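Structural features, examined
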Amino acid sequence: MPSSFFFARLVPNRPDFPMSMTADEQATMRAHSEFLQGQLAAGTMVVAGPVLDPKGVFGLAVFEAESMDAVHRLLERDPARAIGRYEVLPMASAFARPASK
């Protein structure tokens, strides 16, 4: 089955989250990072990282998957769901360079 690219935006539960994380939230973010590293290694995720938007920092990830439902099922396992919510949108098309070596 062909795959497509999907943009995922992780919006934290509060605007000052990056500056006001509790110790528990820091642990959640470490687990989130490990989860994303696993997706990168599995080839499911293309790129991810924080976006320093002056209106509010958010997390960005691009996934390659068979469907939006597949991305939602994947993100249900992300520990970061405890500190925010994901918005997932399909990309109409995408150009991706080959993985660097």
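Residues numbered from 1 in each chain as written. Predicted model: local features only at pLDDT ≥ 70, side-chain atom pairs only at ≥ 80, totals over all residues. Heavy atoms only, no water.

**Thoughts on the sheet that holds strand 1 (residues 4-12)**
Working definition: the strands of a sheet are paired by backbone hydrogen bonds and lie parallel or antiparallel to each other. Formally: Note on pairing: DSSP must find at least two bridges between two strands before they are called paired. Think of it this way: any DSSP run of H or I at least four residues long counts as a helix, any run of E at least two long counts as a strand, and we number them from the N terminus. To obtain each axis, a line is fitted to C-alpha atoms, and for helices this fit is confined to the stretch in contact; angles are then taken between N-to-C directions over 0 to 180 degrees.
As summarised here, the arrangement of the 4 strands in space is 2-3-1-4, forming an open sheet in which the pairing is antiparallel. Edge positions in the sheet fall to strand 2 (45-51) and strand 4 (84-90), since each has one partner strand and no second. The sheet shows a mean angle of 20 degrees between the axes of neighbouring strands, direction not considered. Examined bridge by bridge, strand 1 and strand 3 (residues 58-65) share 7 bridges and lie antiparallel to one another.

**A few points about the environment of M91**
Note the following rule: Burial classification: accessible surface area is computed with a 1.4 Å probe over protein chains only, and a residue below 20% of its type maximum counts as buried, one above 50% as exposed, and the rest as partly exposed. Contacts between residues were defined by any pair of non-hydrogen atoms, one from each residue, lying within 4.5 Å.
Residue placement: M91 occurs in the segment after strand 4. Residue class for M91 comes out partly exposed when judged on its relative accessible area of 32%. Taking the C-alpha atoms as reference, M91 lies 17 Å from L75; in sequence the two are 16 residues apart. The contact partners of M91, leaving out residues within four places of it in the chain, are F5, F6, F7 and V62.

**Here's the deal with the pattern of salt bridges**
Counted only if it meets this: The rule for a salt bridge is simple: a side-chain nitrogen of Lys or Arg has to be within 4 Å of a carboxyl oxygen of Asp or Glu.
Applying the stated criterion across every chain, the model contains 4 salt bridges. Between E87 and R9 there is a salt bridge, and its shortest N-O distance comes to 3.8 Å. One end of the pair, E87, is in strand 4; the other, R9, is in strand 1, with 78 residues separating them in the sequence. For R85, the salt bridge goes to E87, with nearest N and O atoms at 2.6 Å.

**Details of the confidence of the model for the protein chain**
The criterion, for reference: pLDDT is a per-residue confidence score from the predictor, ranging from 0 to 100.
Per-residue confidence for the protein chain gives a mean pLDDT of 92, with 94% of residues at or over 70. Here helix 1 (residues 17-20) stands out as the element of the protein chain with the lowest mean pLDDT, 90, in contrast to helix 2 (residues 23-42), whose mean of 97 is the highest.

**A closer look at the pairing of strand 1**
In the case of a regular strand, side chains alternate between the two sheet surfaces. Where strand 1 and strand 4 come together, 7 bridges link them in antiparallel fashion. From the neighbouring strand, V11 faces strand 4, where its bridge partner is R85.

**Considering the nonpolar core**
Cut-off, in case you're wondering: Within this scheme, the nonpolar core is defined by two criteria: the residues are buried Ala, Val, Leu, Ile, Met, Phe, Trp, Tyr or Cys, and they are joined through side-chain atoms within 4.5 Å.
Core analysis: the biggest nonpolar cluster contains 17 residues, and A8, F63, V71, L75, Y86 and V88 have the highest contact counts within it. If you list the elements that add at least two residues to this core, you get strand 1, helix 2, strand 3, helix 3 (68-75) and strand 4. Apart from the residues within four sequence positions on either side, V71 is in contact with F6, F63, A65 and V88.

**Quick word on the layout of surface pockets**
This is how the line gets drawn: Lining residues are those with an atom within 4 Å of a point, where the points come from a 1 Å grid over the protein atoms alone and group into cavities, where a 1.4 Å probe fits but cannot get out, or pockets, open sets with protein on both sides within 12 Å along at least five of seven lines. Grid points are joined across faces, edges and corners, and a volume is the space filled by probe spheres set on the points. Gly is put with the polar residues, along with every residue not named as nonpolar or charged; the nonpolar set is Ala, Val, Leu, Ile, Met, Phe, Trp, Tyr, Cys and Pro, and the charged set is Asp, Glu, Lys and Arg.
Size it by volume and the largest pocket reaches roughly 450 Å³. Around the largest pocket, the lining is made up of 24 residues, and of these M29, H32, G49, P50 and G59 lie nearest the centre. Breaking the lining of the largest pocket down by element, the ones donating at least two residues are strand 1, helix 1, helix 2, strand 2 and strand 3. The element best represented in the lining of the largest pocket is helix 2, accounting for 6 residues. Partitioning the lining of the largest pocket into residue classes produces 19 nonpolar, 5 polar and no charged.

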